[in-house]
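In case you want the letters, here they are:
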Amino acid sequence: MELIFATNNAHKLAEVQAVLGNRFTLRTPRSCGITEEIPEEQPTLEGNALQKARYIHERTGCDCFADDTGLEVEALDGAPGVHSARYATDGHDFAANNRLLLHNLEGVENRRARFRTVIALILNGEEHLFEGVVEGHIIDRETGDEGFGYDPLFVPEGGVRTFAQMSTEEKNAVSHRARAVRRLVEYLHNLKK
Ligand code: IMP
């Protein structure tokens, strides 16, 4: 089965392809001639995932899905949340976002946080939403070189290493995005039965 995944983030693509396995072929927007940045201007993860999936579907007519993820920090009332990509600056500056997060948590004891991913699938013109969550906490300095975004600061519940100290396989065993993707796969499999 072929699906367009509305992302040009190579890390995300690798993570999601690893969960999907080779029964699904993922295409990128770029490979369909969509080179501009896909708009995500909604106030919720659900809204953004749908906006991105609709953008691709309207231009290609193909089955597709999009994800949107937020890091929700308890002591910051759920921030950065839907603003995770542009927390510190207008661009996707991961290092600046991490610095701002550490700054805002200076002296704060409650480090509880979670990643939440929402996937919007458009299949045969119909829209479906899937969610994945991982609970954890924010440590006080960046640790590890793998992954992207807030990975060097986030330790999933029950573990001692950050996502940035894990291989793609290890991260996918527990991550928000992998959980949402597994729900998507389950749905697609049940359709075929
Ligand atoms: P997006 O809109 O789904 O790309 O996610 C928004 C922002 O959340 C990204 O720019 C990253 O900073 C962060 N993010 C999303 N997924 C992850 C992840 O798996 N690990 C760490 N940070 C992530």
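Residues numbered from 1 in each chain as written. Predicted model: local features only at pLDDT ≥ 70, side-chain atom pairs only at ≥ 80, totals over all residues. Heavy atoms only, no water.

Participant: I'm lost on the side chain of Arg177 in this one. Help?
Facilitator: With respect to the helices, strands and loops of the structure, Arg177 is situated in helix H5 (residues 176–192). Contacts of Arg177, omitting those with residues within four sequence positions, involve Lys12, Glu15, Val16, Asp67, Thr69, Thr117, Phe148 and Lys171. (Helix = DSSP H or I, 4+ residues; strand = E, 2+ residues; numbered from the N terminus. Contact = heavy atoms within 4.5 Å.)

Participant: Looking at this model, I keep getting lost on the environment of Asn172. Mind explaining?
Facilitator: Here Asn172 shows up in helix H4 (residues 168–174). Along the sequence, Asn172 and Val16 sit 156 residues apart, while their C-alpha atoms lie 8.5 Å from each other. A polar contact is formed between the side chain of Asn172 and the backbone oxygen of Glu15, at a distance of 3.1 Å. (Polar contact = N/O pair within 3.5 Å; in protein donor to acceptor, adjacent residues only side chain to side chain.)

Participant: It is not clear to me how the site of the ligand should be interpreted in this structure. Could you clarify?
Facilitator: Not every one of the 18 residues close to the ligand is listed here, only the nearest: Lys12, Asp68, Asp151, Lys171 and Arg177. Within the side chain of Glu40, an N or O atom sits 3.3 Å from an oxygen atom of the ligand. Contacts to the ligand include Asp68, whose side-chain N or O atom sits 2.7 Å from an oxygen atom. Burial of the ligand by the surrounding chains reaches 95%, relative to a free accessible area of 470 Å². Secondary-structure elements contributing two or more residues to the shell around the ligand are strand S3 (64–73) and H5. The greatest single-element share of the shell around the ligand, amounting to three residues, is contributed by S3. Per-class residue counts for the shell around the ligand are five nonpolar, five polar and eight charged. (Near = heavy atom within 4 Å. Areas by Shrake-Rupley, 256 points an atom, 1.4 Å probe, with all protein chains shown as cover. Nonpolar A, V, L, I, M, F, W, Y, C, P; charged D, E, K, R; others polar.)

Participant: Sorry, what's going on with the packing of aromatic side chains here?
Facilitator: Any two aromatic rings considered together are summarised by their centre-to-centre distance and by the angle between their planes. Enumeration according to the criterion identifies six aromatic pairs in this entry. Arranged with centres 5.6 Å apart and planes meeting at 55 degrees, the rings of Phe130 and Tyr187 form a pair that is tilted. With Phe130 in strand S6 (residues 126–138) and Tyr187 in helix H5, this pair connects stretches of sequence that are 57 residues apart. Residue Phe130 is classed as buried on the basis of its relative accessible area of 10%. Classification of Tyr187 by relative accessible area gives partly exposed; the value is 26%. Taken together, the aromatic side chains of Phe115, Phe154 and Phe163 make up a single cluster linked through ring pairs. Arg59 extends its terminal NZ or CZ atom over the ring of Tyr55, reaching a point 3.5 Å from the ring centre. (Phe/Tyr/Trp six-rings, centres within 6.5 Å; stacked < 30°, edge-to-face > 60°. Buried < 20%, exposed > 50% of the residue type's maximum accessible area, 1.4 Å probe, protein only. Lys NZ or Arg CZ within 6 Å of the ring centre and 35° of its normal.)

Participant: What exactly am I supposed to notice about helix H3 (residues 94–104) here?
Facilitator: Side chains that are three or four residues apart share a direction in an α-helix, a result of its 3.6 residues per turn. Restricting attention to buried positions, one finds in H3 the residues Ala96, Asn97, Asn98, Leu101 and Leu102. Elements in contact with the buried residues of H3: S3 and S6.

Participant: Where do I start with the state of the cysteines in this structure?
Facilitator: Two cysteines, two sulfur atoms, one covalent bond between them: this is a disulfide. One pass over the full model with this rule turns up zero disulfides. Unpaired in terms of disulfides, Cys62 finds its nearest cysteine sulfur in Cys32, a separation of 6.0 Å. We classify Cys62 as partly exposed; its relative accessible area is 34%. For Cys64, which is in no disulfide, the shortest distance to another cysteine sulfur is to Cys62 and amounts to 7.8 Å. (Disulfide = S-S within 2.5 Å.)

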